[in-house]
Amino acid sequence: GIQVEQSPPDLILQEGANSTLRCNFSDSVNNLQWFHQNPWGQLINLFYIPSGTKQNGRLSATTVATERYSLLYISSSQTTDSGVYFCAVTNFGNEKLTFGTGTRLTIIP
Amino acid sequence: DAGVTQSPTHLIKTRGQQVTLRCSPKSGHDTVSWYQQALGQGPQFIFQYYEEEERQRGNFPDRFSGHQFPNYSSELNVNALLLGDSALYLCASSLGGLGYNEQFFGPGTRLTVL
């Protein structure tokens, strides 16, 4: 099956810093989603981005499908940005989301 | 707009028991997928229900079974519980049984098996 790897696994930043999270996948995809998992376990949808670039406030994402990677940018980090960030993909003929290994982001005041 | 809801929030069971978890999809959605998330790992796909049928299944034993009702809500049943079944169980809803449609997750049910 498709493999999804995220980097870095852990990231510790001061409040106000910017960060870039990366997601690499091993096959063509028809769905790519970025999620933020809060301390209570809720997966919050950030972006649905199988290709192209999107922005939502301080967050933006870019997926380069032909090169099989996606990037999540967080600018001017806040403590509420702390948590685990997952990317998840589906590939053609497959209805399930395959999740990456996650990036644990810690923002220090 | 009602989001995905799950019940119960927390559950404690002992080995060998059976458990039923429930999920109501987001308004307008007709597809429900179930995922298991062990501590420190990403969610793993269990199965998907669409048109009241199991459409696709992950690498989980037959102890894991499910059902979808005509109103699109769904249940996950786990028989003969093992300690290793302790996890966060997440339900996701989407539209049309199609993998390329965006999935939305509920708050999860945290199951502890003693």
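Refer to the structure printed above.
Residues numbered from 1 in each chain as written. Chains lettered and ligands numbered in written order. Predicted model: local features only at pLDDT ≥ 70, side-chain atom pairs only at ≥ 80, totals over all residues. Heavy atoms only, no water.

**What to know about the overall build of chain B**
We count it as follows: In DSSP terms, a helix is any run of H or I states spanning at least four residues, a strand is any run of E spanning at least two, and both are numbered starting from the N terminus. Think of it in three bands: with a 1.4 Å probe and only protein chains considered, a residue is buried below 20% of the maximum accessible area for its type, exposed above 50%, and partly exposed in between. Any two residues having at least one pair of non-hydrogen atoms within 4.5 Å are treated as being in contact. For accessible areas, the Shrake-Rupley method is used with a probe of radius 1.4 Å. Any residue's cover is judged against the shown protein chains and nothing else. Counting rule applied: Lys, Arg positive; Asp, Glu negative; His and chain ends not counted. In this description, the location of a charge corresponds to atom NZ of lysine, CZ of arginine, CG of aspartate or CD of glutamate.
The helix and strand tally for chain B stands at 0 helices and 11 strands. Across chain B, helices and strands are ordered from the amino to the carboxyl terminus as β-β-β-β-β-β-β-β-β-β-β. Reported as C-alpha extents along the three principal axes, the dimensions of chain B are approximately 40 × 25 × 25 Å. Residues counted as buried form 50% of the 114 residues belonging to chain B. For chain B, long-range pairs separated by at least 24 residues make up 54% of all intrachain contacts whose partners lie at least 6 apart in sequence. With the model as given, the accessible surface of chain B reaches about 5,300 Å², and the carbon-plus-sulfur share is 49%. Where the 8 positive side-chain charges of chain B centre and where its 10 negative ones centre are 12 Å apart.

**Quick notes on the pattern of salt bridges**
All names here are of chain B. As a reminder of what qualifies: Salt bridges are identified by distance alone: a Lys or Arg side-chain nitrogen within 4 Å of an Asp or Glu carboxyl oxygen.
Applying the stated criterion across every chain, the model contains 4 salt bridges over all chains. A salt bridge links Arg22 to Glu75, with the nearest nitrogen and oxygen atoms 3.4 Å apart. On the criterion of sequence distance, the pair formed by Arg22 in strand S3 (residues 19-24) and Glu75 in strand S8 (residues 74-78) is long-range, its members being 53 residues apart. Asp85 serves as the salt-bridge partner of Arg63, at 2.9 Å between the closest nitrogen and oxygen. Note that Arg63 is positioned in the loop between strand S6 (53-57) and strand S7 (64-68) and Asp85 in the loop between S8 and strand S9 (87-94), a separation of 22 residues in sequence. Both residues of the pair, Arg63 and Asp85, belong to the buried class.

**Let's talk about the pairing of S9 of chain B**
Residues and elements named next belong to chain B. Formally: We call two strands paired when DSSP finds no fewer than two bridges between them.
Among the 8 residues in S9, 8 count as buried, and that is most of the element. Of the two faces of S9, the one lined by Ala87, Tyr89, Cys91 and Ser93 and the one lined by Leu88, Leu90, Ala92 and Ser94 are each fully buried. Bridge analysis of S9 against strand S10 (residues 104-105) gives 2 bridges, and the strand direction is antiparallel. Opposite Ser93, over in S10, you have Phe104 as the bridge partner.

**Describing the sheet that holds strand S7 (residues 59-64) of chain A**
All names here are of chain A. Using the following cut-off: Helix axes are fitted to C-alpha atoms over the stretch in contact, other axes to C-alpha atoms as well, and angles between N-to-C directions run from 0 to 180 degrees.
One open sheet holds the 5 strands; their spatial order is S1-S3-S8-S7-S6, and the pairing between them is antiparallel. What marks the edges here is a single partner per strand, and that holds for strand S1 (4-7) and strand S6 (52-56). Between one strand and the next, the sheet's axes are offset by a mean angle of 15 degrees, whatever the strand orientation. Pairing of S6 with S7 involves 5 bridges; the strand directions are antiparallel.

**Considering the packing of aromatic side chains**
Rule in force here: The rule is short: rings of Phe, Tyr and Trp, with Trp giving its six-membered ring, pair when the centres are within 6.5 Å, and they are stacked under 30 degrees, edge-to-face over 60, tilted in between. Placement of a charge over a ring requires the Lys NZ or Arg CZ to be within 6 Å of the ring centre, with the centre-to-atom vector within 35 degrees of the ring normal.
Taken as a whole and assessed by the stated rule, the structure comprises 9 aromatic pairs over all chains. On the basis of an interplanar angle of 65 degrees and a centroid distance of 5.1 Å, the ring pair of Phe60 of chain B and Phe64 of chain B is categorised as edge-to-face. Take Phe60 of chain B and Phe64 of chain B: they sit in the same class, and that class is buried. An aromatic cluster of three or more residues is present, and its members are Phe35, Phe86 and Phe99 of chain A together with Tyr35, Phe45 and Phe105 of chain B. When the ring centre of Tyr69 of chain A is taken as origin, the NZ or CZ atom of Arg22 of chain A, which lies over that ring, is 4.2 Å away. Lys26 of chain B extends its terminal NZ or CZ atom over the ring of Phe104 of chain B, reaching a point 4.9 Å from the ring centre.

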